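Here are the chains, one letter per residue:
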Amino acid sequence: MKSASNLERVLTAGHFAVTGECGPPRGADPEKVLKKAALVKGNVDVCNVTDNQTSVVRMSSLAGCMLVKQSGIEPLLQMVVRDRNRIALQSDLLGAAALGVHNLLCLSGDHQKFGDDPKAKNVFDIDSIQLIHLVKTMRDEGIFPSGEKLDGVPRFYIGCAVNPFADPFEIRVPRLKLKVDAGADFVQTQCIYNMDKFKLYMEGARKQGLHERVKILAGVTPLKSAGMAKFMNRMVAGIDIPDEVIKRVADEPKEKQAAKGIEICIEQIQELKEMEGIAGVHVMAIEWEEKLNEIVGGAGLLPRPVVEQ
Amino acid sequence: MLPCTGRIDESLLLKAFENGADGVMVIGCLEGDCHYVNGNIRARSRVKRVYSILEQIRIGPDRIRMYNLSAGEGAKFAAFTNEFVSQIENLGPSPINVARKQAARESAQEVQAT
Amino acid sequence: MITGTPKPIEEILEMIEPYDNIIVAGCFGCVTVCRVGGDKEVQVLSSTLRLAREASGRKIEIKEICLERQCDPEYLEPMRPYVEDYQAVLSIACGAGIQFMAEKFMKTPLLPGINTGFLGVTERQGEWAERCQGCGDCVLHLTGGICPVTRCAKSIFHGPCGGSVNGTCEVAKDIKCGWQLIIDRLKSLDQMENYGKLKPYKGWDASRDGGPRRILREDMI
């Protein structure tokens with residue numbers, strides 16, 4: 001094992017993994033995290049804790065991870081390179097490892113323009129792919145990128161995100177390969193709605209044998225309503241919801257749209273489970289954590305396996 | 001002598017106000033009819049810029065206006081001029097001229113006092 | 001060239017409020033080409049300020065000049081005899097020119113009349129766009145002649161990020177995705193192998209992060 005991660009153990013044992021996420025609150029109230037965590041518990045192998053997503057200031061990901069851990073769930077630290085230079089990144093990695101965080105997701109981070117502080121200075125000292133390389137160097141060589149020896153090695157299971165639906169499409173698989181070359185152990189994808197395009201992407205990944213070098217967790221997000229679907233399609237860069245998916249939700253009366261969204265999500269998970277090269281799902285029930293159990297259970301993925309260290 | 005309104009630039013228009021003009025009319029050829037292709041179009045955008053400068057410094061944007069006429073439109077020229085003159089008369093003297101008059105009055109009073 | 005945009009008249013009027021006579025100094029270099037700080041702009045700005053001040057009841061005397069370059073000492077020296085006769089200099093050169101003049105004339109306040117922008121090009125008359133950040137370590141030979149540091153809103157070295165849509169950056173619809181441009185160029189140059197290589201962490205010490213930079217050419221001194 002490269003790390004002490006439960007996700008790594010579950011995947012290595014050949015189980016179909018399930019990850020979820022918990023967005024920290026816009027404030028200092030720990031109860032908010034603990035409440036979400038209680039809904040997530042038992043339904044996932046690890047739980048992502050987001051890092052100031054969409055550049056909106058929130059409780060730090062590391063603090064959120066500790067609260068999730070307190071609740072008895074293994075946390076996954078998301079880390080963006082937007083807000084920290086390489087000094088701060090290394091330091092926070094060491095701190096997170098010392099506090100028992102074993103899973104990491106290396107991200108660029110949304111541009112600060114989208115948040116509350118569009119006038120903030122962005123950092124981007126290194127990019128997300130270089131962060132993967134940095135963590136791998138620390139873990140596998142026991143040194144800082146500067147070459148100095150580490151006094152205690154952080155053993156992270158290293159992840160990254162990919163968006164198969166961003167442009168240009170032809171570069172999406174080569175860019176995944178770059179992340180794998182840099183040292184990613186697993187990837188979580190952006191929410192998938194356009195299954196045809198995703199199949200095409202996976203075909204490309206398999207052609208290069210990438211599915212054998214990295215564990216691919218397919219991202220899904222249940223649609224709460226047709227309105228949400230249309231909003232996401234229009235406003236969120238790199239989200240691709242085909243008209244027929246929106247139509248399936250929109251055709252339902254308002255009060256039944258949420259149930260339809262969950263039904264579609266479960267169908268998607270079942271389809272993804274059968275796809276060659278997919279090692280698990282990342283279920284992003286954003287501000288809808290109470291439905292996680294229904295979705296994961298509905299997809300026949302409960303109870304979560306226990307793999308001894 | 002200006003060969004074309006295209007020769008007019010912002011500083012020339014502002015100079016007119018510095019020299020005591022209460023209003024400035026710029027009259028170019030009909031659009032699409034410029035002997036120098038697009039001189040009158042350029043003039044229009046420069047007049048527009050001076051319009052916004054006059055607005056910012058509170059001289060009053062309505063003291064400048066661009067018209068387009070052909071050389072054969074004498075009656076129209078007279079009508080435009082009358083229209084513009086009455087517009088300026090309504091606005092009154094430019095704040096520059098008001099300030100100058102005021103300053104002249106004050107210095108005259110000073111001379112009288114001494 | 002170095003580009004810039006005029007400061008709002010209000011802001012300039014506030015800056016020159018304490019003074020009764022000033023020099024407005026332009027520059028025949030970059031700022032003339034991008035039409036923000038040349039001879040013409042000196043005339044327009046000076047007229048504007050005179051009109052505004054006179055209308056407010058407090059005249060200002062302005063000496064209008066335009067130097068060959070404000071960033072070279074030999075062009076600044078000829079100003080020395082009369083700079084002292086004026087209470088301040090309002091410069092509409094770039095930030096470098098303004099500062100250089102400030103260094104030369106210790107007793108005269110230097111005021112900026114423009115906001116200096118970026119190193120850019122004239123895409124068409126009246127439209128300028130950024131191309132270079134002067135990072136001190138050029139990689140254009142690897143990126144199809146398009147700079148990831150400048151053209152990507154996140155300055156990433158392995159792009160494009162997930163926010164690239166139809167060649168447009170997520171930051172604004174009128175910003176092209178720098179990495180889409182890089183990939184398009186690499187493809188047309190048949191250099192896509194450059195894309196697949198991991199690039200080392202950038203040495204920002206060659207950039208401003210290393211402190212103000214200096215170039216020393218012994219052969220010229």
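Keep in mind the model is a prediction, meaning the values are calculated, not measured.

## Remarks on the overall build of chain B
(1) Moving on: What chain B contains, in helices and strands, is 4 helices and 2 strands.
(2) Moving on: Along the chain direction, N to C, the helices and strands of chain B fall in the order α-β-α-β-α-α.
(3) Moving on: By the compact-globule yardstick of 13 Å for 114 residues, chain B is too spread out, its C-alpha radius of gyration being 17 Å.
(4) Moving on: In terms of its C-alpha atoms, chain B occupies a principal-axis envelope of roughly 60 × 30 × 25 Å.
(5) Moving on: The buried share among the 114 residues of chain B stands at 25%.
(6) Moving on: Taking the contacts inside chain B whose residues are at least 6 apart along the sequence as the reference set, 67% of them involve residues at least 24 apart.

## Thoughts on the interface of chain C and chain A
(1) Moving on: At the junction of the two partners, chain C supplies 23 residues and chain A supplies 27 residues.
(2) Moving on: Residue composition of the side of chain C that touches chain A, by class: 12 nonpolar, 9 polar and 2 charged.

## Considerations on the interface of chain C and chain B
(1) Moving on: Taken together, the 12 residues of chain C in the interface contact 15 residues of chain B.
(2) Moving on: Across the side of chain C that touches chain B, the residue classes break down as 5 nonpolar, 4 polar and 3 charged.

## Quick look at helix H3 (residues 39-55) of chain C
All names here are of chain C.
(1) Moving on: The terminal C-alpha atoms of H3 lie 24 Å apart, and with 17 residues this matches the ideal 24 Å at 1.5 Å per residue to within 8%.
(2) Moving on: Burial analysis of H3 places 15 of its 17 residues in the buried class, which makes it a mostly covered element.
(3) Moving on: Backbone geometry just downstream of H3 places Gly57 in the positive-phi region, at approximately 95°.

## Topic: the domain arrangement of chain C
(1) Moving on: Looking at the assigned domains, one finds that chain C contains domain 1 (2-118) and domain 2 (136-207).
(2) Moving on: Taking only C-alpha atoms, the centre of domain 1 of chain C and the centre of domain 2 of chain C are 38 Å apart.

## With respect to the pairing of strand E2 (residues 64-68) of chain B
All names here are of chain B.
(1) Moving on: Every second residue of E2 is oriented toward a common face, the buried set being Ile64, Met66 and Asn68 and the non-buried set Arg65 and Tyr67.
(2) Moving on: Of the strand pairs in this sheet, strand E1 (residues 24-28) and E2 are connected by 5 bridges, and their pairing is parallel. Within the sheet, the bridge partner assigned to Gly28 lies in E2 and is Asn68.
(3) Moving on: At this point the chain moves from E1, through helix H2 (residues 39-56), to the parallel E2, and the crossover so formed is right-handed.

## Things to note about the environment of Gly95 of chain C
(1) Moving on: Its location among the elements puts Gly95 of chain C in helix H6 (residues 95-104).
(2) Moving on: Given 16 C-beta atoms within a 10 Å radius, Gly95 of chain C is considered partly exposed.

## Some remarks on unusual backbone geometry
(1) Moving on: With an omega of -15°, the peptide bond between Asp167 of chain A and Pro168 of chain A qualifies as cis.
(2) Moving on: The topology assignment puts Pro168 of chain A in the loop between strand E5 (157-162) and helix H6 (172-182).
(3) Moving on: Its identity is not glycine, yet Asn166 of chain C carries a phi of approximately 50°, on the positive side.
(4) Moving on: Take Asn166 of chain C: it is sitting in the loop between helix H7 (148-151) and helix H8 (178-188).
(5) Moving on: Asn166 of chain C gets classed as exposed once you count the C-beta atoms within 10 Å, which come to 9.

## Section: the nonpolar core
(1) Moving on: Core analysis: the largest hydrophobic core is formed by 110 residues, its most contacted members being Cys106, Val135 and Val187 of chain A.
(2) Moving on: The biggest single contributor to this core is helix H5 (residues 128-141) of chain A, with 6 residues.
(3) Moving on: Setting aside residues no more than four positions away along its own chain, Val135 of chain A makes contact with Leu93, Leu104, Cys106, Phe156 and Ile158 of chain A.
(4) Moving on: If you look at the next biggest cluster of nonpolar residues, it comprises 54 residues, including Leu14 and Ile53 of chain B together with Ala52 and Leu110 of chain C.

Calculation rules
- Residues numbered from 1 in each chain as written.
- Chains lettered and ligands numbered in written order.
- Predicted model: local features only at pLDDT ≥ 70, side-chain atom pairs only at ≥ 80, totals over all residues.
- Helix = DSSP H or I, 4+ residues; strand = E, 2+ residues; numbered from the N terminus.
- Rg over C-alpha atoms; globule rule 2.2 N^0.38 Å.
- Buried ≥ 20, exposed ≤ 12 C-beta atoms within 10 Å, placed from the backbone.
- Contact = placed C-beta atoms within 7 Å.
- Nonpolar A, V, L, I, M, F, W, Y, C, P; charged D, E, K, R; others polar.
- Expected span 1.5 Å × (residues − 1).
- Domains from an automatic or database assignment.
- Pairing = 2+ DSSP bridges.
- Right-handed = clockwise from strand over helix to strand, strands pointing away.
- Core = buried A, V, L, I, M, F, W, Y, C linked by C-beta atoms within 7 Å.

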